[in-house]
Amino acid sequence: MITRLLSLLLLVYALGCAAFVVLLPERGGEERTDAIVVLTGGAGRLERGIDLLERGRAQRMLVSGVDRAVRPTELAARYRTDPKLFDCCIDLGREAVDTRSNALETADWIGRHKFGSVRLVTSDWHMPRARFELGRQTEDLTIVTDAIQSSPSLRMLFLEYNKYILRQAAALVGI
C-alpha cells in the first residue's frame with residue numbers, strides 16, 4: 001500500500017513538473033492596467049515595461065529589486081528612454097532581494113498608490129511563483145501576467161518548479 005501511494009505521489013509530481021515546463025505563461029495582451037511591476041533579474045523585462053508605459057498601457061511603473069547603486073539616469077541611458085519618464089512615472093524599488101520580498105515591496109507600493117490592477121512583468125519560468133507570491137500579499141487586485149519568453153535550461157525549470165511547489169506547501173502551513 002505504501003509503495004502504491006509513493007508511486008502515485010511520484011507520478012503526480014512528475015506530471016506537475018511536465019505541465020509546468022510545457023505550459024509556461026506567455027506575453028500579455030494590450031489591456032490597460034493602473035500600474036506595471038517589473039521584477040529585475042532577466043533580459044527583456046525592463047524593456048517590456050518601459051515600452052508598455054510609453055504606449056500608455058499604465059500610468060506608473062515599479063521596478064522591484066533594483067540595486068542601491070543604480071541611478072535612474074543610468075537606466076534611462078541604458079534603455080534609451082527619456083529621463084523625464086523616470087522622474088514622473090517610474091519608481092525604483094530597492095528593498096527586494098528575492099521573489100517573496102519582491103511581492104512585499106510591490107504590495108506596499110500598490111497600497112500607497114491605491115492601484116486596483118497591475119501588470120506583472122517577469123520571465124516565463126518565474127511567472128507562476130511571482131504571481132503566487134504577489135497574490136498572497138494583495139487583496140482585490142487584478143493581476144495581468146506578462147511573461148517574457150526565455151530559453152531556460154531543463155535544470156532551471158526543474159529547480160523553479162520545486163521552488164514553486166515548496167512555496168505553495170509552505171504557504172499551506174502558514175510560513
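Look a little higher up for the structure.
Model, not experiment: these values are computed from the prediction.

K.L.:
Lay out the side chain of Asp-124 with the relevant residues and their values.
P.N.:
Within the fold, Asp-124 resides in the loop between β4 (117-123) and α6 (127-137). Within the buried set, Asp-124 has no salt-bridge partner at all; the shortest N-O distance to an opposite charge, 7.6 Å, is to Arg-45. In terms of polar contacts, Asp-124 uses its side chain to reach the side chain of Ser-150, at 2.5 Å. Beyond its immediate sequence surroundings of up to four residues, Asp-124 is in contact with Leu-24, Pro-25, Ala-147, Ile-148, Gln-149 and Ser-150.

K.L.:
I'd love a proper account of a nonpolar patch on the surface, names of residues and values included.
P.N.:
On the surface, Ile-2, Leu-5, Leu-6, Leu-8, Leu-9, Leu-11, Val-12 and Leu-15 cluster together into a nonpolar patch covering about 820 Å² of accessible area. Accessibility expressed as a relative area gives 52% for Leu-9, which makes it exposed.

K.L.:
Now, about the sheet that holds strand β5 (residues 142-148): what can you tell me, with residues and values included?
P.N.:
Taking strand neighbours across the sheet as the criterion, the 5 strands line up as β3-β2-β1-β4-β5 in an open arrangement whose pairing is parallel. Only two strands of the sheet have a single partner each, and these edge strands are β3 (90-93) and β5. Each neighbouring strand pair of the sheet contributes to a mean axis angle of 20°, computed without reference to strand direction. The pairing of strand β1 (residues 35-39) with strand β2 (residues 60-64) spans 5 bridges and is parallel. Opposite Ala-35, over in β2, you have Arg-60 as the bridge partner. Against the sheet, helix α5 (residues 99-113) engages β1, β2, β3 and β4, with an angle of about 155° to β2. Strands β1, β4 and β5 of the sheet are contacted by α6, whose axis makes an angle of about 150° with β4.

K.L.:
An account of unusual backbone geometry is needed here, citing residue identities and associated values.
P.N.:
Trans peptide bonds make up most of the peptide bonds, and negative phi angles are found at most residues other than glycine. Positive phi is not limited to glycine here, since Lys-114 has a value of about 60°. Position of Lys-114 among the secondary structure elements: in the loop between α5 and β4.

K.L.:
Go over empty space enclosed by the protein, please, and point to the residues and values.
P.N.:
Applying the stated rule across the entire model yields 1 cavity of 30 Å³ or more. The space that makes up the largest cavity amounts to roughly 50 Å³. Taken together, Val-37, Leu-39, Thr-99, Asn-102, Ala-103, Thr-106, Leu-120, Ala-130 and Leu-134 make up the full set of residues lining the largest cavity. With 4 residues, the single largest contributor to the lining of the largest cavity is α5.

K.L.:
I'd love a proper account of the side chain of Thr-106, names of residues and values included.
P.N.:
Residue placement: Thr-106 occurs in helix α5. Residue Thr-106 is classed as buried on the basis of its relative accessible area, which comes to 1%.

K.L.:
Pulling in residues and values, what's your account of the layout of surface pockets?
P.N.:
A volume near 230 Å³ is recorded for the largest pocket. Residue lining of the largest pocket: 17 residues in total, with Thr-40, Gly-41, Leu-46, Arg-78 and Tyr-79 positioned closest to the centre. Elements with a minimum of two residues in the lining of the largest pocket: β1, α2 (45-54) and α3 (72-78). Broken down by element, the lining of the largest pocket gets its largest block of residues, 3 residues, from α2. The residue makeup of the lining of the largest pocket, split by class, is 9 nonpolar, 4 polar and 4 charged. Of the volumes computed, that of the second largest pocket is approximately 160 Å³. Of the residues that constitute the lining of the second largest pocket, the class distribution is 3 nonpolar, 6 polar and 4 charged.

Cut-offs used in this document
- Residues numbered from 1 in each chain as written.
- Predicted model: local features only at pLDDT ≥ 70, side-chain atom pairs only at ≥ 80, totals over all residues.
- Heavy atoms only, no water.
- Helix = DSSP H or I, 4+ residues; strand = E, 2+ residues; numbered from the N terminus.
- Buried < 20%, exposed > 50% of the residue type's maximum accessible area, 1.4 Å probe, protein only.
- Lys, Arg positive; Asp, Glu negative; His and termini not counted.
- Salt bridge = Lys/Arg side-chain N within 4 Å of Asp/Glu carboxyl O.
- Polar contact = N/O pair within 3.5 Å; in protein donor to acceptor, adjacent residues only side chain to side chain.
- Contact = heavy atoms within 4.5 Å.
- Patch = residues over 30% accessible without salt bridge, like charges linked within 9 Å, V, L, I, M, F, W, Y side chains within 5 Å.
- Areas by Shrake-Rupley, 256 points an atom, 1.4 Å probe, with all protein chains shown as cover.
- Pairing = 2+ DSSP bridges.
- Axes fitted to C-alpha atoms, helices over the stretch in contact; angles between N-to-C directions.
- 1 Å grid on protein atoms, 1.4 Å probe; cavity = no way out; pocket = protein on both sides within 12 Å on 5 of 7 lines; lining within 4 Å.
- Points joined across faces, edges and corners; volume = space filled by probe spheres on them.
- Nonpolar A, V, L, I, M, F, W, Y, C, P; charged D, E, K, R; others polar.

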